[in-house]
Amino acid sequence: MERFDHFMARANAAYYAAKNPFADFVTGPELTQVFGELLGAWAKVVWQGMGAPENILLVEAGPGRGVLMADALRAWDAPSVHFIETSPRLRAEQASRVPRAIWHDSLDTLPPGPMILLGNEFLDALPVRQFVRRAAGWMERYVDNSVYIEQPTDYPLPDDPVDSVREVSEAALGFCRQLAAREGVGLFIDYGPMQSAAGESVQAIKDGAYADPLATPGEADLTAHVDFAAIARAVNAQGPVKQNAFLTSLGLYQRSDVLARRHPEKAIDLKLAVQRLTAPEAMGSLFKVLAICPPGTPTLPGFA
Ligand code: SAH
């Protein structure tokens, strides 16, 4: 028997080590180069706002195929590039696009110095604890032979109606707290609600289709909605704002128009990608953007 978050951590480590996640889902940087270019330009402006320190680290957590960083570096040729990535397979793929990156398993081994960290669809891959409200009180979910088992818990949770589910990502909160304890700014883009709410959000995607999260650990990608409001209560932050508001205020339409004029053969694909990133029923409003920054930081680009 294993606590659900431990099961999810193990399943995802196996999944990212062995499978090609990009056969199962599409992410912003995989849709269009404009996504990474805008984040690179954002990082450069933030760095300038910090007084352009020479020892700046540009860090990406969960870089996938390395596409976002390769695009970002065209907008800002940052002096020092670091990846936080645990999958050996994806590290090799990242090295083909960003050979000069330095790899880490966690924030622990990053060199000292101010940093700007980017994380797109990173926090949603981190494990969550799951709790179910029963008549007698809150229970925590464990996994045993592919079925849920419930055990009583005294974990502090709101007084929700019977059968409500709550999810808590100690891994995501811990990562953000550790980031906030360092000098710098972190930018996270992921799907999740504006307000913390009860509800079960864990889902499994296997071979491009929804699957049972418990049935085939390591073969399905397990994700949970990111509780941005909980993160914003734990550390100083700006946002969350919706992805469409963020990207359009950074110049998504202008940049994609320039590209479309330069490469008319790409114009239709670009238009579709921009639509997917911004349409409320696609990624535009389900996806949120949160910046973790020191208290007193002036409003960061995209957060007005
Ligand atoms: N940012 C990319 C990929 C998102 S998929 C994109 O937008 O396309 C999630 C990424 O996080 C993968 O690179 C995966 O290997 C990595 N990852 C998942 N759990 C991790 C963990 N605990 N520590 C470090 N990296 C992790």
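Just so we're clear, the structure is a prediction, and the values are computed from it rather than from any experiment.

Draft legend 1. Inspection of the pairing of strand E5 (residues 115–120) at higher detail. Counting buried positions along E5 gives six out of six residues, so the element sits mostly inside the fold. Along E5, one buried face is formed by Met 115, Leu 117 and Gly 119 and the opposite face, lined by Ile 116, Leu 118 and Asn 120, is buried too. Inspection of the sheet shows strand E2 (residues 57–61) paired to E5 by four bridges, in the parallel sense. In the strand pairing of E5, Glu 60 is matched with Leu 118. Bridge count for E5 against strand E10 (residues 184–191) is six bridges, and the pairing is parallel. Considered in E10, the bridge of Gly 119 is made with Phe 188.

Draft legend 2. The packing of aromatic side chains, seen in detail. All told, the structure shown has 12 aromatic pairs when counted by the stated rule. Where Phe 4 meets Phe 7, the ring centres are 6.0 Å apart and the plane angle is 35 degrees; that geometry is what we call tilted. Of this pair, Phe 4 and Phe 7 are both found in helix H1 (residues 4–18), three residues apart, which corresponds to roughly one turn of the helix. One exposure class covers both Phe 4 and Phe 7, and it is buried. An aromatic cluster is present here, built from Phe 4, Phe 7 and Tyr 148 joined pairwise through their rings.

Draft legend 3. Representation of the pattern of salt bridges in the model. Tallying each qualifying case throughout the model produces 20 salt bridges. Glu 140 is paired through a salt bridge with Arg 3; the nearest N and O atoms lie 3.6 Å apart. Taken together, the residues Glu 140 in strand E7 (residues 137–144) and Arg 3 in strand E1 (residues 2–3) connect sequence positions 137 residues apart. When sorted by exposure, Glu 140 lands in the same class as Arg 3, which is buried. A salt bridge links Glu 170 to Arg 129; the nearest nitrogen and oxygen atoms lie 3.1 Å apart. In this pair, Glu 170 sits in helix H6 (residues 170–180) while Arg 129 sits in strand E6 (residues 129–134), placing the two residues 41 residues apart along the sequence. Classification of Arg 129 as buried rests on a relative accessible area of 11%.

Draft legend 4. Representation of the pairing of strand E3 (residues 81–84) within the structure. Every second residue of E3 is oriented toward a common face, with Val 81 and Phe 83 on one face and His 82 and Ile 84 on the other, all of them buried. By the bridge criterion, four bridges tie E2 to E3 in an arrangement that is parallel. Residue pairing in the sheet places Ala 61 in a bridge with Ile 84 of E3. What joins E2 to E3 is helix H4 (residues 67–75), and the crossover it makes is right-handed. By the bridge criterion, three bridges tie E3 to strand E4 (residues 102–104) in an arrangement that is parallel.

Draft legend 5. Representation of the site of the ligand within the structure. Surveying the vicinity of the ligand reveals 18 residues, the closest of which are Thr 27, Gly 62, Gly 64, Glu 85 and Asn 120. Contact distances for the ligand include 2.6 Å between an oxygen atom and a side-chain N or O atom of Thr 27. Here a nitrogen atom of the ligand sits 2.7 Å away from a polar atom, N or O, in the main chain of Gly 62. Taken by itself the ligand offers 570 Å² of open surface, and the protein chains cover 90% of this. Counted by class, the shell around the ligand contains nine nonpolar, six polar and three charged residues.

Draft legend 6. The sheet that holds strand E13 (residues 221–223), seen in detail. The sheet built from three strands is open, its strands ordered E12-E11-E13 with antiparallel pairing. Each edge of the open sheet carries a strand with a single partner, namely strand E12 (209–211) and E13. Here the strands of the sheet are splayed against their neighbours by 40 degrees on average, with no regard to which way each runs. Across three bridges, strand E11 (residues 203–206) lies against E13 in antiparallel orientation. Within E13, the residue paired with Gln 203 across the bridge is Thr 223.

Quick notes on the rules
- Residues numbered from 1 in each chain as written.
- Predicted model: local features only at pLDDT ≥ 70, side-chain atom pairs only at ≥ 80, totals over all residues.
- Heavy atoms only, no water.
- Buried < 20%, exposed > 50% of the residue type's maximum accessible area, 1.4 Å probe, protein only.
- Helix = DSSP H or I, 4+ residues; strand = E, 2+ residues; numbered from the N terminus.
- Pairing = 2+ DSSP bridges.
- Phe/Tyr/Trp six-rings, centres within 6.5 Å; stacked < 30°, edge-to-face > 60°.
- Salt bridge = Lys/Arg side-chain N within 4 Å of Asp/Glu carboxyl O.
- Right-handed = clockwise from strand over helix to strand, strands pointing away.
- Near = heavy atom within 4 Å.
- Polar contact = N/O pair within 3.5 Å; in protein donor to acceptor, adjacent residues only side chain to side chain.
- Areas by Shrake-Rupley, 256 points an atom, 1.4 Å probe, with all protein chains shown as cover.
- Nonpolar A, V, L, I, M, F, W, Y, C, P; charged D, E, K, R; others polar.
- Axes fitted to C-alpha atoms, helices over the stretch in contact; angles between N-to-C directions.

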